[in-house]
Amino acid sequence: MNVLYFAWVRERIGLPVEDVTTSAATVADLVEELRGREERYAAAFADTSALRVALDQELAEFDAPLSGVREVAFFPPMTGG
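**Q** Could you clarify how one ought to interpret the pattern of salt bridges in this entry?
**A** In a structure, side chains of opposite charge can pair up when their charged atoms sit close to one another. Per the stated rule, a full pass over the model turns up three salt bridges. With a shortest N-O distance of 2.9 Å, E18 and R37 are connected by a salt bridge. Of the two residues, E18 sits in strand β2 (residues 17-19) while R37 sits in the loop between α2 (27-35) and α3 (39-44), which places them 19 residues apart along the sequence. R35 serves as the salt-bridge partner of E32, at 2.2 Å between the closest nitrogen and oxygen. In this pair, E32 and R35 are both assigned in helix α2, three residues apart and thus about one turn of the helix distant. For R35, a relative accessible area of 24% corresponds to the partly exposed category.

**Q** What am I meant to see in the environment of M1 here?
**A** For M1, the location among the structural elements is in the segment before β1 (2-5). Judged by its relative accessible area of 21%, M1 is partly exposed. Distance from M1 to V53, taken between C-alpha atoms, is 14 Å for residues 52 residues apart in sequence. Discounting chain neighbours no more than four positions away, the residues touching M1 are E18, D19, V20, T22, L30, L66, V69, R70 and V72.

**Q** In this structure, what is going on with the pairing of β1? I would like to understand it.
**A** Consecutive side chains of a regular strand alternate in pointing toward one face of the sheet and then the other. Of the pairings in the sheet, the one linking β1 to β2 comprises three bridges and is antiparallel in character. Among the inter-strand pairings, V3 is bridged to a residue of β2, identified as E18. Here β1 pairs with strand β5 (residues 71-75) via four bridges, running parallel. Bridging across to β5, Y5 finds its partner in F74.

**Q** How do you make sense of the packing of aromatic side chains when you look at a structure like this?
**A** Aromatic ring pairs are described here by two measures, namely the spacing of the ring centres and the angle between the planes. Evaluated as defined, the whole model comprises four aromatic pairs. An angle of 65 degrees between the planes, with centres 6.4 Å apart, marks the rings of Y5 and F45 as edge-to-face. Placement of Y5 in strand β1 and of F45 in the loop between α3 and β3 (52-55) is noted, with a sequence separation of 40 residues between them. The two residues Y5 and F45 agree in class, both being buried. Summarising the aromatic geometry, the rings of Y5 and F74 are spaced 6.4 Å apart at their centres and angled 15 degrees between planes, so their arrangement reads as stacked. Placement of Y5 in strand β1 and of F74 in strand β5 is noted, with a sequence separation of 69 residues between them. Like Y5, the residue F74 is buried in the burial classification.

How each quantity is defined
Residues numbered from 1 in each chain as written. Predicted model: local features only at pLDDT ≥ 70, side-chain atom pairs only at ≥ 80, totals over all residues. Heavy atoms only, no water. Salt bridge = Lys/Arg side-chain N within 4 Å of Asp/Glu carboxyl O. Helix = DSSP H or I, 4+ residues; strand = E, 2+ residues; numbered from the N terminus. Buried < 20%, exposed > 50% of the residue type's maximum accessible area, 1.4 Å probe, protein only. Contact = heavy atoms within 4.5 Å. Pairing = 2+ DSSP bridges. Phe/Tyr/Trp six-rings, centres within 6.5 Å; stacked < 30°, edge-to-face > 60°.

So this is what it looks like as structure tokens:
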């Protein structure tokens, strides 16, 4: 699946997108796998309460299943006026 990183998540990881092969069942499981890769991922995912996630361009929760998902995007909450 494609994993996309936006804003400071991308800055910490150093990539805008990557193809990830995973056995993770949920978004939270995927985050744990990514955290275990190396320090830059651990830093990016240190506080998931400061992150939002979208699955195939639809907002989702971290307990959402990944079965059939082709794209996961991680980004900070957006504010605007």
